Amino acid sequence: MKSSSCNIPSPADRIKFAFIFVVINSLFISFSSGLFGLKNIFYSGLLQSWNSEQLFVFFSYSCGLFLIFAFVGGLLLFAVPILCNFKRLLLIACIFLDFSFLLFLLADSFVYPLYRTHLNLAMIQMTLLGGGRVVAFSSVMLSEIALMVLAVLIVSYFFTRFSFVLTRYKKSIFTLFAFVLMAFLASNLTYSWSFANFNNRLVSVFDKVPLARPLRMNTILQKYGLVDREAIDTRRVNLSEGGLMNYPLNSLNCSPDKDYNILFLFVDTLRYDMLTEEVMPNTWKFAQENVRFNNHYSNGNNTRHGIFSLFTGLPGKYWTSSLTTGTPGILISALQKRNYEIGIFTGAPLNMPEFHKSIFSTVRDLNVYPRGDSSVESDAFAVEDFKKWQSGLKPGSRFFSFIFLDSVHGYQFPPGEKYEVFKPYWKSVNHMELNNSFDPAPYLARYKNAVRYTDDLIQEVLDYLNSKNLLDNTIVVISSDHGDEFNDNKLNFWGHGGNFTDAQIKVPLVIHWPGKKSANVEYVTSHLDLVPTLLPEVLGCSNPIQDYSVGTSIWKEAGRRDWVYSTGWSRDAFVEPHRIVLINAAGALEFLDKTYRPTKDRTIPPYLSEVLKENSRYVK
C-alpha cells in the first residue's frame with residue numbers, strides 16, 4: 001500500500017524523521033560491532049592481557065567506525081525517492097542494510113579469532129568461488145551457518161522496527177550519537193599519538209577492528225615539535241614494494257651443466273613434525289636415504305607467499321608486482337631458457353591464488369583447474385597425470401615438474417580402515433566449534449590420516465621414478481608451502497595464516513640429489529634458498545645470485561643468516577632463533593617470543609637496512 005511520504009505529512013518532517021531514524025539504526029549497528037569485536041578479542045585470548053585503556057580505544061573506535069558506515073548507508077537509502085514514498089519497500093531496504101552489516105560482523109567474528117586476519121575480498125572469493133577446495137564446509141557447519149544467517153535476518157528486522165518506534169526519543173538519541181562520535185575522534189587521536197611515539201600496545205588494538213583506517217598525524221605532530229621526526233624515520237619500517245618488476249636485474253646467462261631432471265613434490269599445509277616414521281613411513285624412509293633439512297622454513301604463512309618465494313627466490317612482498325605485470329618465477333624462466341619440458345600437476349586450482357598469472361604465466365598448456373570432485377580424487381589424478389605426461393616425453397628430454405597435493409589442506413582421505421590410522425578422529429570438521437578450550441587431539445588425528453594418504457601418493461611417484469630408472473638423474477624436492485596449527489601455544493590459533501610460529505611456517509624439506517650422500521642438516525634454511533641453488537648448480541646460470549634472488553645456496557653454511565623473513569596477509573615477520581619480530585601494515589615493530597607472547601628483548605634487528613634494500617631491489 002502506498003504511503004504518503006513515509007507517513008510523514010510534510011517534506012520538512014520527512015527529512016527530520018529520516019535523520020532521526022538513521023541515527024537510531026546506526027547506533028544499533030554501532031553497538032553490535034562492539035559486541036562482535038568483544039567476541040574477537042575474547043576468543044583470541046587477548047582480553048585477559050588488555051588493560052582498560054586498550055578496551056576503551058577498541059570499543060570507541062569500533063563503534064564509531066560502524067556508526068559512520070551505517071549512518072552514511074542509511075542516508076543513501078532515504079535519498080532514494082521511491083523508498084521514501086513506499087513504507088514497506090523502505091522497511092525491506094533498511095532490513096537488508098542492517099542484515100549486510102551484521103552478517104559481515106558475524107562472519108568476521110569467526111574468521112579473525114582463528115586466522116588473525118579480518119574478512120576480506122580475497123577470502124570471500126576463495127570461499128565462494130573455490131568450489132569447496134580452498135575452504136570446505138561440512139553439512140553440520142552449513143546447517144549452523146544457515147541458522148545463524150536466519151537469526152541475523154530476524155535481528156535485523158527487529159532492529160529496523162524498533163528504530164521506527166524510538167524516533168520519538170530525539171534528545172537522548174542525539175546525545176548518545178554525539179558521545180559515540182566524540183569517543184571515535186578520541187580513539188583516532190590516540191592512534192595518531194601512539195603511532196608517532198611507537199606505543200605498539202595501543203597501535204596494535206586497531207588491528208583487531210575490521211575495515212580499520214585510523215587517523216595518522218605525523219606531519220602535524222612534527223610541525224609543532226610534538227614528536228621527533230628523526231626518531232620516526234629511524235624506527236618505522238616500510239617493507240612494502242611498489243612499481244613494476246625489474247626482475248631479473250640482468251638477462252639470465254645459462255649454459256649446459258649437469259642437466260638433471262627436477263621434481264618438486266609438495267604437500268599443501270604439511271607441518272615440519274609430520275615427517276616421522278609413524279605418520280609418514282614412506283617419506284621418512286626416503287628421507288633417511290637422502291638429505292633432510294631439520295630447520296627449514298617457508299617464507300610465507302600462506303600458500304600465496306610460500307610458493308611465490310619458492311619459485312622466485314624473492315620475499316612475498318613482490319607478489320603484487322609479479323601478479324600485476326605477469327612476471328613469471330625466475331626458476332620457470334631459467335628452465336624455459338634451457339628448453340626443459342615443464343609439467344604442473346596440482347590438486348587445487350591454480351587461480352586461487354593466481355599462480356597462472358604470476359609464477360606460471362609463461363607455462364604453455366597449463367591446467368588451471370584440476371580433475372576430480374574432491375581433493376582426494378584430484379591428488380590421485382595429479383599423480384596419474386604426471387606419470388602419463390612424463391612417459392609421453394621424447395627420449396632424452398629433460399623435465400621439470402611441480403606436483404602439489406591438496407588433501408592435507410582439506411583434511412581429506414579415502415574412506416575405509418586403510419587410512420583411519422589415528423583414532424579417534426574428528427568425523428565432521430566444524431570450524432565454528434574451534435576455540436581455546438577445544439580439544440585438538442581428534443582434529444589433529446584427522447589431519448594425520450590425511451597426511452598418511454598423501455604419504456602413499458608420494459611413494460607412488462617415487463616408485464614410478466625408480467621403475468623408469470629416473471632417480472639417478474632426477475633431483476627430487478619434497479616439502480610444503482606452510483604448516484598448520486592446532487592451538488599449539490594455547491592462544492587460539494588454528495590452521496595457518498594467523499602467525500609465524502614454527503607450527504605455521506616451519507616445514508619439512510627432503511632433497512634427493514644424485515651423488516650426494518644422506519645427511520641431516522641443522523642450520524636454518526628457507527624456500528628462498530632453492531632458486532639460488534638450482535639456477536647455478538643445475539641450470540648453469542652464471543649470473544650473480546643478486547641478479548635474481550635474495551637467498552643463498554642451500555648447501556652453503558658459512559655466512560648464512562640465522563633468521564628467516566616470512567610474509568603474511570597483513571603483517572610480516574623476522575623469525576629469529578629465540579624471538580619473532582613482527583612488522584604490521586603501519587610499519588611498527590612488535591617483539592614476541594617463539595610462543596607468540598611479548599618478549600623483553602626489544603632490540604631493533606640490525607639487518608633491517610639490508611631487508612629494505614632487498615624489498616626495493618627488483619622494482620623500477
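Residues numbered from 1 in each chain as written. Predicted model: local features only at pLDDT ≥ 70, side-chain atom pairs only at ≥ 80, totals over all residues. Heavy atoms only, no water.

So, the environment of L67
The topology assignment puts L67 in helix α2 (residues 52–78). Measuring from C-alpha to C-alpha, the distance between L67 and I29 comes to 6.5 Å, with 38 residues separating the pair along the chain. Leaving out residues up to four positions away in the same chain, L67 has contacts with S26, L27, S30, F177, V180 and L181. (Helix = DSSP H or I, 4+ residues; strand = E, 2+ residues; numbered from the N terminus. Contact = heavy atoms within 4.5 Å.)

Observations concerning unusual backbone geometry
The omega angle of the peptide bond from M352 to P353 is 0°, so this bond is cis rather than trans. Structurally, the position occupied by P353 is in the loop between β4 (341–346) and α15 (375–391). Of the consecutive residues K423 and P424, the connecting peptide bond is found in the cis state with omega at -10°. Structurally, the position occupied by P424 is in the loop between β5 (399–405) and α16 (441–467). Despite not being glycine, N339 shows a phi value in the positive range, around 60°. Mapped onto the elements, N339 comes out in the loop between α14 (330–337) and β4. In this structure, N492 is a non-glycine residue whose phi angle is positive, near 65°.

Let's talk about helix α12 (residues 303–312)
In terms of residue burial, α12 counts as a mostly covered element, since 10 of its 10 residues are buried. Among the residues making up α12, those that are buried are T303, R304, H305, G306, I307, F308, S309, L310, F311 and T312. As for α12, its buried residues are in contact with β1 (261–267), α13 (319–325), α14, β5, α18 (531–537) and β12 (564–567). Following α12 by one or two positions, G313 adopts a phi angle in the positive range, close to 75°. (Buried < 20%, exposed > 50% of the residue type's maximum accessible area, 1.4 Å probe, protein only.)

Re the state of the cysteines
Evaluated as defined, the whole model comprises 1 disulfide. Note on cysteine connectivity: C254 is disulfide-linked to C541, with sulfurs 2.0 Å apart. An S-S torsion of about 90° defines the bridge between C254 and C541 as right-handed. Taken together, the residues C254 in the loop between α10 (229–235) and β1 and C541 in the loop between α18 and β12 connect sequence positions 287 residues apart. C541 matches C254 in its accessibility class, with the two residues each being buried. (Disulfide = S-S within 2.5 Å.)

Overview of the nonpolar core
Residues F264, F311, L331, F360, F400, F402 and L535 are the most contacted members of the largest nonpolar core, which totals 55 residues. Considering every element that reaches this core, the biggest residue donor is α14, with 5 residues. Dropping the residues within four chain positions of it, F402 is found in contact with F264, F266, I307, F311, G343, I344, F345 and F360. (Core = buried A, V, L, I, M, F, W, Y, C linked by side-chain atoms within 4.5 Å.)

Observations concerning the pattern of salt bridges
Applying the stated criterion across every chain, the model contains 17 salt bridges. Across the pair E460 and K387 runs a salt bridge whose closest N-O atoms are separated by 2.8 Å. Linking E460 in helix α16 with K387 in helix α15, this pair joins segments that are 73 residues apart in sequence. In this structure, R579 engages E576 in a salt bridge whose closest nitrogen and oxygen atoms are separated by 2.5 Å. Across the pair, exposure class does not vary: R579 and E576 are buried alike. (Salt bridge = Lys/Arg side-chain N within 4 Å of Asp/Glu carboxyl O.)

Some points on the pairing of strand β6 (residues 474–480)
On a regular strand, one side chain projects to one face of the sheet and the next to the other, so that they alternate. Burial within β6 is extensive, with 7 of its 7 residues counted as buried. Where burial is concerned, the two faces of β6 agree: the one with T474, V476, I478 and S480 and the one with I475, V477 and S479 are both buried. Bridge count between β1 and β6: 7 bridges; the pairing is parallel. When the bridges of β6 are listed, L263 appears paired with V476. For β6 and strand β9 (residues 509–512), the ladder comprises 3 bridges, and the chain directions are antiparallel. Looking at β9, one finds that V476 is bridged to H512. (Pairing = 2+ DSSP bridges.)

What to know about the side chain of T533
With respect to the secondary-structure elements, T533 resides in helix α18. Since its relative accessible area comes to 1%, T533 is described here as buried. Of note is the side chain of T533, whose polar atom sits 2.5 Å from the backbone oxygen of D529. T533 has contacts with W513, V538, T552, S553, I554 and W555, leaving out every residue within four places of it along the chain. (Polar contact = N/O pair within 3.5 Å; in protein donor to acceptor, adjacent residues only side chain to side chain.)

Brief notes about the sheet that holds β12
Taken in spatial order, the 4 strands make up an open sheet running β12-β13-β14-β15, and their pairing is antiparallel. Lying at the two open borders of the sheet, with one neighbouring strand each, are β12 and β15 (589–592). Direction aside, neighbouring strands of the sheet carry axes that sit 20° apart on average. Pairing of β12 with strand β13 (residues 571–575), which is carried by 4 bridges, proceeds in the antiparallel orientation. Residue S566 lies in a different strand from β13, and its bridge partner there is A573. (Axes fitted to C-alpha atoms, helices over the stretch in contact; angles between N-to-C directions.)

Examining the packing of aromatic side chains
Under the counting rule described, the total for this entry stands at 46 aromatic pairs. Summarising the aromatic geometry, the rings of Y260 and W513 are spaced 6.4 Å apart at their centres and angled 80° between planes, so their arrangement reads as edge-to-face. You can see Y260 sitting in the loop between α10 and β1 and its partner W513 sitting in the loop between β9 and β10 (519–521), a full 253 residues away along the chain. Across the pair, W513 and Y260 agree in class, each one buried. Taking 5.1 Å as the distance between ring centres and 80° as the angle between the ring planes, the aromatic pair formed by Y443 and F486 counts as edge-to-face. Here Y443, found in helix α16, pairs with F486, found in strand β7 (residues 485–486); they are 43 residues apart in sequence, far enough to count as distant. Through a chain of ring-to-ring contacts, three or more aromatic side chains come together here, namely F264, F266, F308, F311, W319, F355, F360, F400, F402 and F404. Across the ring face of F422, the terminal group of K448 is positioned such that the distance to the ring centre comes to 5.5 Å. When the ring centre of W555 is taken as origin, the NZ or CZ atom of K516, which lies over that ring, is 4.3 Å away. (Phe/Tyr/Trp six-rings, centres within 6.5 Å; stacked < 30°, edge-to-face > 60°. Lys NZ or Arg CZ within 6 Å of the ring centre and 35° of its normal.)

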